[in-house]
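Reading the structure
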Amino acid sequence: MTDWRDVASDASRRLAEVGLDIAAPFPSRLVGELASRPVLAGRLGLVIGNTRALWPHLARALEREPALRAAPHPVDRYCEERIGVVLDEAPAAHDVIWAHTPPPDAYPVQALAEAAGLCDIAPCRLAVHARFGPWLALRAVAVLDVPGPAEPSAPAGVCASCSAPCRAPFELARAAPGSPESRWRLWLAVRDACPVGREHRYPERQLRYHYTKDRSLLAGG
Ligand code: B12
């Protein structure tokens, strides 16, 4: 019988090779417990994301692939393609929920990351990882048709003992007038207030692109 640990570690190694360096296993029943989705229980779930490790891989792919450069959402497309390839080559059928699916069909991927023990949800509502702090993006939730873990990993346990310096900048950003794009520095201050994982802060271009979606930042690495 296929052991979910082997499937998970193989997928995570292959995902890391394309800059998607987060892949946390969890029991598939959580997917349906957090939002009503038809999902097989007892299978292997994987919540997939990335840290700053994504950017050099993405920059190289943008240089080589004109279709990716022309895509309306190059980061989402890169993730769909690369995650799709890795899952298609896994030794099991799979379903994927994309984190970038917009409301009203958006899936609560931060809540899933918390339930899976990958992150805590901070008072500022960012998902915070014990090593990377808030400097991660969540990209997809996959369910693979192999018998999975019975229980999720222990909670990440990062925010409980924190004095929550993210709370005040969060209230400030929330109350500020204007569009989210025009307030991006206030939202950046929320992330910067987290004491965990500061050394994993996104490099300047990645950071600006994520907050502003200014496509000129995708050119030239
Ligand atoms: C739609 C969306 C947005 C919208 C609307 C947000 C809103 N408040 O209504 C906009 C475009 C404004 C947005 C902005 C940002 N977002 Co956003 N967003 C999403 C998305 C795709 C869906 C949210 C949703 O409806 N979920 C479904 C419901 C049922 O689940 P929920 O957990 O209750 O969802 C709520 C929260 O996710 C919240 N929310 C969404 N984004 C953010 C970001 C912050 C900082 C906060 C406080 C709350 C928040 O809004 C939802 C509805 O109330 C999620 C990915 C996902 N699938 O969750 C990313 C996501 C939550 N966003 C993210 C981020 C980083 C941001 C920004 C900080 C930066 C950016 N990308 O521009 C800004 C912050 C500004 C802000 N006011 O929220 C990240 C968070 C990463 C993390 N470590 O936790 C996510 C997980 C995407 C990702 N690829 O990682 N976002």
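Please refer to the structure placed before this passage.
Positions within a chain are numbered from 1, following the residues in the order the chain's sequence is written. In view of the model being predicted, local features appear only for residues whose pLDDT reaches at least 70, and side-chain atom pairs are presented and counted only at 80 or more, with totals across whole chains, interfaces and linings using the full set of residues. Calculation of side-chain values draws on the structure's entire complement of heavy atoms; hydrogens and water are dropped beforehand.

**Looking at helix α1 (residues 4-16)**
Helical geometry: 3.6 residues make up each α-helical turn, so side chains three or four residues apart lie on a common side. Applied cut-off: A run of DSSP states H or I qualifies as a helix once it reaches four residues; a run of E qualifies as a strand once it reaches two. Both are numbered from the N-terminal end. Multiplying one less than the number of residues by 1.5 Å gives the expected span of a helix. Whether a residue is buried, partly exposed or exposed follows from its accessible area with a 1.4 Å probe, protein chains only, as a fraction of its type maximum: under 20%, in between, or over 50%, in that order. This arc corresponds to the set of directions leading from the helix axis out to the C-beta atoms. Note on contacts: a residue pair is in contact if any heavy atoms of the two residues lie within 4.5 Å. Identification of polar contacts relies on pairs of N or O atoms within 3.5 Å, with a donor-acceptor requirement for protein atoms, meaning one able to donate a hydrogen and the other able to accept it, and with residues adjacent in sequence counted only if both atoms are side-chain atoms.
Helix length check: α1 (13 residues) gives 18 Å between terminal C-alpha atoms against 18 Å at 1.5 Å per residue, within 8%. W4, V7, A8, A11 and L15 are the residues of α1 that are buried. Seen end-on, α1 carries its buried residues on one side only, within an arc spanning 95 degrees. Along its buried surface, α1 packs onto β1 (22-27), β2 (43-50), α5 (74-88) and β6 (137-147). Capping of α1 at its N-terminal end is provided by D3; its side-chain oxygen lies 2.8 Å from the backbone amide nitrogen of R5.

**Remarks on the pairing of β2**
Side-chain positions along a regular strand alternate between the two faces of the sheet. How we decide: A strand pair is defined by DSSP finding two or more bridges across the two strands.
Most of β2 sits inside the fold, with 7 of its 8 residues counted as buried. Alignment of β1 against β2, held across 6 bridges, turns out to be antiparallel. What sits directly across from A24, in β2, is V47. Bridge count for β2 against β6 is 8 bridges, and the pairing is antiparallel.

**Quick look at the site of the ligand**
Rule in force here: Whether a residue is near a molecule or strand depends on its heavy atoms: if one lies within 4 Å, it is near. Any residue that is not Ala, Val, Leu, Ile, Met, Phe, Trp, Tyr, Cys, Pro, Asp, Glu, Lys or Arg is counted as polar, Gly included; the first ten are nonpolar and the last four charged.
Taken together, 22 residues lie near the ligand, and A99, Y107, Q110, A127 and L138 sit nearest. Measuring from a nitrogen atom of the ligand, one finds a backbone N or O atom of Y107 at 2.7 Å. Residue H210 places a main-chain N or O atom 3.2 Å away from an oxygen atom belonging to the ligand. Elements supplying a minimum of two residues to the shell around the ligand: α6 (109-115), β6, α8 (184-192) and α9 (204-212). A total of 3 residues in the shell around the ligand trace back to one element, the largest contributor, which is β6. Class assignment for the residues of the shell around the ligand results in 17 nonpolar, 2 polar and 3 charged.

**So, unusual backbone geometry**
Cis geometry marks the peptide bond from P103 to P104, where omega comes out at 10 degrees. Tracing the chain through its elements places P104 in the loop between β3 (94-98) and α6. One non-glycine residue, A164, lies in positive phi territory at about 60 degrees. Looking at the secondary structure, you find A164 in the loop between β6 and α7 (167-175). Given a relative accessible area of 14%, A164 falls into the buried group.

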